[in-house]
Amino acid sequence: MSAKKTENTVVVRKVVRRKMNFAERTYIPEFAKGLAVTMRQFFKNSQPNVEKRDTFTRMYPEEKTVYPDRYRGHHRLMLRDDGQVRCVACMCCSTVCPANCIHITAAEHDDISIEKYPSVFVIDELRCIMCGLCVDACPCDAIRMDSGEHIQPFGERGEAFLNRDLLMSKGSLSMAVQGGENG
Amino acid sequence: MFDFLAPATAEFLVELLITFVKVVLIVFVFVMGVASAMTLLGDRKQSAKIQNRVGPNRAMLFGLPFTRILGIPHFIADGIKMILKENTVPDGAHKGLHLLAPALVFAPSLIGWAGVPFMDFYCTGSITVDPNTYREICAVGPNGEPGVWRNYFQIMNFNAGLLFAFAIAAVSVYGAAIAGWASNSKFSLLGGLRSSAQMISYEVSMGLCLAGVLMIFGTLDLNEMARQQGYLLWGWLPMWGIVVQPLGFFLFFLAGMAETKRAPFDVPEGESEIVAGYITEYSSMKFGIMQLGEYVAVVFISALIAILFLGAWQVPFLFGDGFHFPGMETIEIPYIVVIVLRIGSMLFKILFLVWLQFMMRWTLPRFRYDQIMVLGWKILLPLALANLVVTAFIAAIL
Ligand code: SF4
Ligand code: SF4
């Protein structure tokens, strides 16, 4: 019974095809129309006034792309007031990183008010998927991706491992108060 | 046996030198120049313009940005790349034939230029035009002794130029077929078969279109054909092939385009089915030669169309001594300007036809293989036959 029902529910839709008239079947007028389009584009894009052309291509190195404010580019590590690394090696970012590409080794700081700091902080840019989760995860605004620039292309695999000092060299002071408002 | 060495006088050597210069100028400067410029300008820049792109423009010479003009350095880079690439021959390929095939594709399209006239014969005396028949008369001196017509603008003048051009052009079918067979690859074999089937099918229609032209002009000499196209029909219409054979022109253009195996008729190649067809197994300059051969074939077909249907070196109403507009006084023009105008007209026609072919190439979608066969055998062939019959009737009545 149920089988019958499914049989009846098969929907057949007829595609109505428009019959081509003779002129269309000879292909010639349609072809002339097509040629008119390509010719128009050809001459439009060949005119000396570049502004009036239809080309969309951005002449990249001469004409830089304007990035949106929230563009995620090169990672950077923010700094404390005294220029030390802000990161407290809490491992939040390396835990959340879906590409598993942040490698941190925590070390004890000489200053007793600072519990830990990263003695090694390496981001493997070959694995990074630029998701920005590390920035979200960081509890103390220590890692950011708002440098507004691309990661450079790498000539060698080793160059893709960005270390702490390099990331810090792009860093700057954060507006957030270290250790929280009361701290 | 060596009798031909006897007249090795200065005159003979001068003739030899002139022929040599003609060969170099026409084949190596003009044909190769246009064909290689087409690989860049036609294929990349023109398509880019049509598709709202910019096309290649990054390469430059010696780091000088102004050399980027039109992307010419890309073309030089391509050439260097082609020459320096490793030349591989697949295992089990027939070495000799694999080597021979590119030559068989390339050489015919160059040899065919032997018969292409870029200008009428050069008249050593002063030229006058018979106002009734528009025949050009070459005379020397005040008494009107007949002057000498010298063949300076055509490599070789012979009365079977058209047959020669087609016989030679047909050889390139062997090139494609041998390339396919010698590569020891199924893709190549299929590509070679497809291209030979396609070329042979379209050659039939091409030949029939030519028969119509032959009936009208009654000569196989390409230069004589060009000369006849200068005559005026009813006193005002230049008798170009396109005027007297409009359908023939259309069919010949289509068949000629199909003959060159470029898009939209590029079934011998097909990335998704048979990779690059019969050139799949070619690398390095052998591949370059194959490609260049196809481009040269495009230029050659354009030249043939220009000669047969667009009046070759004719400029409308321009004769040896100036413009003869119907119902107006003759506008006198020095002979040297006439020569320049005529050569310019021929070059312009060839380049225009090349440009048009590329335009069509980037307009039409690619045909399926069966569609190409249907077009060739069921549409072009009957139309060409009908054209032939109608032409024959008209020629018989007039
Ligand atoms: S952007 Fe994403 S993938 Fe890259 S380091 Fe941060 S969390 Fe990992
Ligand atoms: S960058 Fe931020 S989240 Fe990552 S270890 Fe340092 S403090 Fe923690």
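Located above this text is the structure these notes cover.
On a predicted model such as this, the values are computed, not experimentally measured, just so you know.

Conventions we followed
- Residues numbered from 1 in each chain as written.
- Chains lettered and ligands numbered in written order.
- Predicted model: local features only at pLDDT ≥ 70, side-chain atom pairs only at ≥ 80, totals over all residues.
- Heavy atoms only, no water.
- Helix = DSSP H or I, 4+ residues; strand = E, 2+ residues; numbered from the N terminus.
- Contact = heavy atoms within 4.5 Å.
- Buried < 20%, exposed > 50% of the residue type's maximum accessible area, 1.4 Å probe, protein only.
- Buried area = accessible area lost by both parts, 1.4 Å probe.
- Salt bridge = Lys/Arg side-chain N within 4 Å of Asp/Glu carboxyl O.
- Polar contact = N/O pair within 3.5 Å; in protein donor to acceptor, adjacent residues only side chain to side chain.
- Pairing = 2+ DSSP bridges.

Enquirer: Any chance you could explain the environment of Leu 237 of chain B here in plain terms?
Expert: Residue and element names in this part refer to chain B. Its place among the elements puts Leu 237 in strand β7 (residues 237-238). Between the C-alpha atoms of Leu 237 and Val 275, which are 38 residues apart in sequence, the distance is 49 Å. With near-sequence residues (within four places) excluded, Leu 237 lies in contact with Tyr 231, Leu 232 and Val 243.

Enquirer: Would you mind going over unusual backbone geometry with me for this structure?
Expert: If a residue is not glycine, its phi is most likely negative; likewise, a peptide bond is most likely trans. All names here are of chain A. Phi at Met 91 is positive, roughly 70°, even though this residue is not glycine. Of note in the backbone geometry, Met 130 takes a positive phi value of approximately 55° without being a glycine. As for its placement among the helices and strands, Met 130 is situated in the loop between β3 (116-124) and α5 (133-137). Met 130 gets classed as partly exposed once you look at its relative accessible area, which sits at 26%.

Enquirer: So what exactly am I meant to see when it comes to the interface of chain B and chain A here?
Expert: In many reports, interface size means the accessible area that the parts give up when they come together. Tallying the contact residues gives 19 residues for chain B and 20 residues for chain A. Taken over both partners, the interface formed by chain B and chain A buries close to 1,600 Å², and the fraction arising from carbon and sulfur atoms is 70%. Summed over the shared surface of chain B and chain A, the number is 0 salt bridges. Here chain B and chain A share 4 residue pairs in polar contact (both at pLDDT 80 or more) between them. Mapped by element, the contributors of at least two residues to the side of chain B that touches chain A are α1 (10-50) and α11 (335-361) of chain B.

Enquirer: For this particular structure, what's the right way to read the sheet that holds strand β2 (residues 126-129) of chain B?
Expert: Whenever strands of a sheet pair, they do so through backbone hydrogen bonds, lying parallel or antiparallel. Residue and element names in this part refer to chain B. Across the sheet, 3 strands lie side by side as β2-β3-β4; this open sheet has antiparallel pairing. The two strands at the open ends of the sheet, each matched to only one other strand, are β2 and β4 (145-146). Strand direction decides the pairing type here: strand β3 (residues 136-140) and β4, joined by 2 bridges, are antiparallel. Bridge pairing in β4 links Val 140 to Glu 145.

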